[in-house]
Amino acid sequence: MPSHYVFFCSYSYSYSILRPLQDEIRRRGDAVAWYLEPTCDDMLRPDEQRLLTVDDVRRYRPKAVITAGNYIYPDMPGVKVCVFHGYPINKRADKHDDHFAIRGWFDIYCTQSPLSTEPFQQLAAKKKYFAVYETGWPKVDDFFRDADAPVHSIGSDRKDDTADVPTIVYACTFTKGISSAATLAPLIEQLIQDKPWRWIVTLHPKIDDPDIINHYTTLAVRYPNVMFRKQLTTDDLRAADVMLCDTSSIILEFQLMDKPVVTFRNTLPGPHLLNVVDTADVAPAIERALTRPDDLMQAIRTHTQHFEAHRDGHNSARVLDAIDDFIENQQQHMKRKPHNWLRKWKLKRQRGG
């Protein structure tokens, strides 16, 4: 009898993280359904099943509920699995990185490399109610599995017919005081007009300023060399030559494709980035990045190895194997999770139940 899985999605970034897992689940002859929080846009495909309520999830009887977010409803059945929504870059440079916050929701944390595995293993040894498996991040399976795919095609919605022009992808964080969305808005529009570049533009789904959203979405209406994406796809990242960003874990995703990134006021600058603090320096930095300097590219390769250790295209398979191993060998030895009465009450109130 096929096993059932549920994907718990809080934001639209979940789709690109969880769909490689869906592919592996289906390859094994099993089934998966999606539960979307109100904060997550419905971007499901015709062949993807949506469960509307927690009761629907219960009736579906999943073996595991998997999320790329920070929480999950504890009254959902199945093993609760966290696969993370990014890499542990500690964008605020806090003493305690929020990536390693333990809130008592999960049975399994699927980590990306020793950089994140070792801290979680230390926490697991102390807490004793969850297990840690180093699987690699499911989202990047397609990066490496399709490494030889063409990289200079934006797709069927390309509105200009100019081949061989550089493509710049702009992405940003939502974090107040770090996000470049407002500061760079006029500059990006000027570069769109002045430079012989194609642009793919996206905003973090947590950005809720209507003026900023309107500015960036209408760029794609007003200029033929711009496309706006609610969610970047692997094809978008493949198509781009350079990324312009601030401080976000998407930088690492792009660099895993062996591509350079220009950052604006990055909170953790280093030799793997072309970081600038003045808007006047953005365009020259992009132009330098397009030349792919040897020292920069070597620094990128060294840096990314620390964050994603698994590059064989089988991270999703390791996540599912981890769930099986947990159920067979570890679940019975786990301590009970903390009661978390207040957190549970807040989550129940949040979903209106």
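Residues numbered from 1 in each chain as written. Predicted model: local features only at pLDDT ≥ 70, side-chain atom pairs only at ≥ 80, totals over all residues. Heavy atoms only, no water.

K.L.:
So what exactly am I meant to see when it comes to helix α1 (residues 14-27) here?
P.N.:
Residues separated by three or four positions in an α-helix point in the same direction, a consequence of the helix having 3.6 residues per turn. Look at α1: 20 Å from first C-alpha to last across 14 residues, which is about the 20 Å you get at 1.5 Å a residue. Burial within α1 is extensive, with 11 of its 14 residues counted as buried. All of the buried residues along α1 are S14, Y15, S16, I17, L18, R19, P20, L21, Q22, E24 and I25. Lining the buried residues of α1 we find β1 (4-9), β2 (31-36), β4 (64-67), α4 (141-145) and α11 (315-330). One or two positions beyond α1, positive phi appears at G29, with a value near 85 degrees. (Helix = DSSP H or I, 4+ residues; strand = E, 2+ residues; numbered from the N terminus. Expected span 1.5 Å × (residues − 1). Buried < 20%, exposed > 50% of the residue type's maximum accessible area, 1.4 Å probe, protein only. Contact = heavy atoms within 4.5 Å.)

K.L.:
When you look at the sheet that holds strand β12 (residues 261-264) in this model, what are you seeing that I'm missing?
P.N.:
Two orientations exist for strands paired in a sheet by backbone hydrogen bonds: parallel and antiparallel. Taken together, 6 strands build an open sheet; the order of strands is β10-β9-β8-β11-β12-β13 and the sheet is parallel. Bordering the open sheet on either side are β10 (226-229) and β13 (274-276), each of which pairs with just one other strand. Direction aside, the axes of adjacent strands within the sheet are offset by 20 degrees on average. With 3 bridges connecting them, strand β8 (residues 167-170) and strand β11 (residues 242-245) associate as parallel partners. Residue pairing across strands places Y170 opposite L244, the latter belonging to β11. (Pairing = 2+ DSSP bridges. Axes fitted to C-alpha atoms, helices over the stretch in contact; angles between N-to-C directions.)

K.L.:
I tried to follow the pairing of strand β5 (residues 79-82) on my own but got confused; where do I start?
P.N.:
Side-chain direction in a regular strand flips from residue to residue, so the side chains alternate between the two faces of the sheet. Of the two faces of β5, the one holding V79 and V81 and the one holding K80 and C82 are both buried throughout. Pairing of β4 with β5, which is carried by 4 bridges, proceeds in the parallel orientation. If you follow A64 over to β5, its bridge partner there is V79. Relative to strand β6 (residues 108-111), β5 runs parallel, the two sharing 2 bridges.

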